[in-house]
Amino acid sequence: MSDLPPTLFVGLSAEGPGGIQRFNRRVLAALTAIGAPARCVMLNDAPVNGDRLRLMRAIGRAARSAPVLLLGHVNLLPVAAGYRLMNPAGRVMLFAHGIEVWGDPAYRRVRRWEPAAMRALVDRVAVVSDFSRDRMTAAFGIAPDRFHLFPNAVDLPPPAGASGGGPPTVLAVARLGAGEREKRVDDLIRALPIVAASVPEARLMIIGEGPLRAELAGLAATLGVGKRVDLLGGVDEMALTQAYAGARAFALPSTKEGFGIVYLEAWARGVPVVAAKGGAPAAMIADGVDGYTVPPGDVPALAAALIALLTNPEAAAGMGAAGRAKVQQCYSAPAFNANLRRLLQR
């Protein structure tokens, strides 16, 4: 018999390539791994398929026998109200990821009723980073003691062998949608002429699809570094693995990350990272040990960090190894599973 309470997990979807879908799949795997008796319902997956009435019926059948409700997204907050009606003594725990709970009107406005509903209905918020916690506290007025730090995780591939000896390459992986300018991928292109003056063979590889891809290609051509920039668009898993294997550094000076799982994916493959100061990724990075952080928008500082990694492959490899060790200790599947167990036991 399990020592964990029966749990109902309700999310938006666990199918597809998106970050929240991957997170939900990891939660499902973790519930199984820790032996938690659980029922899972996804709004946009079969058999619910987006039918909210069918969703509430499925929840109604499970709510009374599940003393814990795990909510996978803030948009599902109304589900907590229905659950409370059916199980007044139940506990509600909300997974909060990043920008969707920051109150950023450019992405998702906080609806007028949500702060009061959040405080009344949610017992614990499992949030991916202290940065997102602080932004969520400001948006919803939730007391700090109601948060549980719950970082994301990645799977560790087998240790990579030595680099194939290709050109010194910086890799960036990001969505390139029209609303993704805060990823600041353009800063990497602006830094490249400075980098090339010290590292003549330097290259920049950008993986990601969206309207900004053509704009970035135009910027690279304007700055005279078009032949140094590979804009690959979306790629499959094999091509992504090959890109990491050929990279000496991963860089994404984004200012909009609620956590930053791409930095973990780089570390997991032994690649050191460069991120912007002040955001959630910077809180994970030990500056000069497993990566570098630079002031947002400071292109010369970004170029200096990239030059430091590209000109010293031995040091870069050591920093990448330190990052991989950090992932294994803090951001691996076993760490995620243990954290979920602690959350359910609270």
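Residues numbered from 1 in each chain as written. Predicted model: local features only at pLDDT ≥ 70, side-chain atom pairs only at ≥ 80, totals over all residues. Heavy atoms only, no water.

Undergrad: Which residues make up the packing of aromatic side chains, and what values do they have?
TA: Evaluated as defined, the whole model comprises 10 aromatic pairs. With centroids separated by 5.7 Å and ring planes inclined at 80 degrees, the aromatic side chains of F23 and F336 adopt a geometry described as edge-to-face. Separated by 313 residues along the polypeptide, F23 in helix α1 (residues 19–33) and F336 in helix α13 (residues 333–345) bring together distant segments of the chain. Residue F23 is classed as buried on the basis of its relative accessible area of 2%. (Phe/Tyr/Trp six-rings, centres within 6.5 Å; stacked < 30°, edge-to-face > 60°. Helix = DSSP H or I, 4+ residues; strand = E, 2+ residues; numbered from the N terminus. Buried < 20%, exposed > 50% of the residue type's maximum accessible area, 1.4 Å probe, protein only.)

Undergrad: Quick rundown of the pattern of salt bridges? Include the residues and the values.
TA: Applying the stated criterion across every chain, the model contains 18 salt bridges. Across the pair E114 and R108 runs a salt bridge, and its minimum N-O distance is 2.5 Å. Note on E114: relative accessible area 0%, which makes it buried. Here the residues in one salt-bridge network are R108, R111 and E114, joined through shared partners. (Salt bridge = Lys/Arg side-chain N within 4 Å of Asp/Glu carboxyl O.)

Undergrad: Describe the nonpolar core, listing the residues and the values that go with them.
TA: If you look at the biggest cluster of nonpolar residues, it comprises 62 residues, and the most contacted ones within it are L171, V195 and F250. In terms of residues, this core owes the most to one element, helix α11 (residues 299–310), which gives eight residues. Apart from residues lying up to four places away in sequence, F250 is in contact with L171, A172, V173, Y244, V262, Y263, A266, V271, P272, V273 and V274. In this structure, L71, L77, A80 and M136 belong to the second largest nonpolar core, which totals 36 residues. (Core = buried A, V, L, I, M, F, W, Y, C linked by side-chain atoms within 4.5 Å. Contact = heavy atoms within 4.5 Å.)

Undergrad: Give me the lowdown on the packing of helix α9 (residues 261–268) against helix α12 (residues 313–330), citing residues and values where you can.
TA: Axis separation between α9 and α12 bottoms out at 7 Å; the angle between their running directions is 115 degrees. On the basis of the axis angle, α9 is roughly perpendicular to α12. With respect to the hand of their crossing, α9 and α12 are arranged in left-handed fashion. Contacts between α9 and α12 involve L264, W267 and A268 from the first element and G320, G323, R324, K326 and V327 from the second. Per-class residue counts for the contact of α9 with α12 are four nonpolar, two polar and two charged. (Axes fitted to C-alpha atoms, helices over the stretch in contact; angles between N-to-C directions. Parallel < 35°, antiparallel > 145°, perpendicular 65-115°, else oblique. Left-handed = near helix turned anticlockwise from the far one by under 90°. Nonpolar A, V, L, I, M, F, W, Y, C, P; charged D, E, K, R; others polar.)

Undergrad: How would you summarise a positive patch on the surface if you had to cite specific residues and measurements?
TA: On the surface, a cluster of positive charge is contributed by R39, R54, R57 and R61. In terms of residue count, helix α2 (residues 52–63) provides more of the positive patch than any other element does, three residues in total. For R54, a relative accessible area of 40% translates into the label partly exposed. (Patch = residues over 30% accessible without salt bridge, like charges linked within 9 Å, V, L, I, M, F, W, Y side chains within 5 Å. Areas by Shrake-Rupley, 256 points an atom, 1.4 Å probe, with all protein chains shown as cover. Lys, Arg positive; Asp, Glu negative; His and termini not counted. Charge placed at Lys NZ, Arg CZ, Asp CG, Glu CD.)

Undergrad: Quick rundown of the sheet that holds strand β12 (residues 291–294)? Include the residues and the values.
TA: Sheet strands pair by backbone hydrogen bonding; their relative direction is either parallel or antiparallel. The strand order β9-β8-β7-β10-β11-β12 describes an open sheet built from six strands, whose pairing is parallel. The outermost strands of the open sheet, each flanked by one partner alone, are β9 (229–233) and β12. Taken pair by pair, the neighbouring strands of this sheet meet at an average axis angle of 20 degrees, ignoring direction. When strand β11 (residues 273–276) meets β12, the two strands line up parallel, connected through four bridges. When the sheet's bridge partners are listed, A276 is paired in β12 with V294. Across the face of the sheet, helix α8 (residues 237–245) comes into contact with β7 (169–173), β8 (203–207) and β10 (249–252) while running at roughly 140 degrees to β7. (Pairing = 2+ DSSP bridges.)

Undergrad: Account for the environment of P47, with residues named and values stated.
TA: Looking at the element boundaries, P47 is found in the loop between β2 (38–42) and α2. Residue P47 is classed as exposed on the basis of its relative accessible area, which comes to 62%. The sequence separation of P47 and A58 amounts to 11 residues, and the corresponding C-alpha distance is 9.6 Å.

Undergrad: Report on the pairing of β9, specifying residues and quantitative values.
TA: A one-sided burial pattern is seen for β9, the buried positions being V229, L231 and G233 and the unburied ones D230 and L232. Pairing between β8 and β9: four bridges, direction parallel. Paired with I206 across the strands is L231, a residue of β9. The handedness of the β8 to β9 crossover, carried by helix α7 (residues 212–222), is right-handed. (Right-handed = clockwise from strand over helix to strand, strands pointing away.)

Undergrad: Quick rundown of α2? Include the residues and the values.
TA: For α2, built from 12 residues, the straight-helix expectation of 16 Å at 1.5 Å per residue is met to within 8% by its first-to-last C-alpha distance of 16 Å. Residues L55, A58, I59, G60, A62 and A63 constitute the buried set of α2. The distance from a side-chain oxygen at the start of α2 to the backbone nitrogen of L53 is 3.0 Å, and the residue carrying that oxygen is D51. (Expected span 1.5 Å × (residues − 1). Polar contact = N/O pair within 3.5 Å; in protein donor to acceptor, adjacent residues only side chain to side chain.)

Undergrad: Before we move on, can you summarise the environment of D155 with the specific residues and values?
TA: Structurally, D155 is set in the loop between β6 (147–149) and β7. Here D155 falls in the exposed class, since its relative accessible area comes to 54%. Residues D155 and F336 lie 181 residues apart in sequence; the distance between their C-alpha atoms is 11 Å. In this structure D155 touches R26, A268 and A333, once residues within four positions along its chain are discounted. Reaching out from D155, the side chain makes a polar contact with the side chain of R26 at a distance of 3.3 Å.

Undergrad: Let's hear about the side chain of N87: which residues, and what values?
TA: Considering the arrangement of structural elements, one finds N87 in the loop between α3 (77–86) and β4 (91–96). Since its relative accessible area comes to 11%, N87 is described here as buried. Within the local environment of N87, its side chain forms a polar contact with the backbone oxygen of A63, the two atoms lying 2.9 Å apart. With residues near it in sequence (within four places) discarded, N87 still touches A63, R64, A66 and P67.

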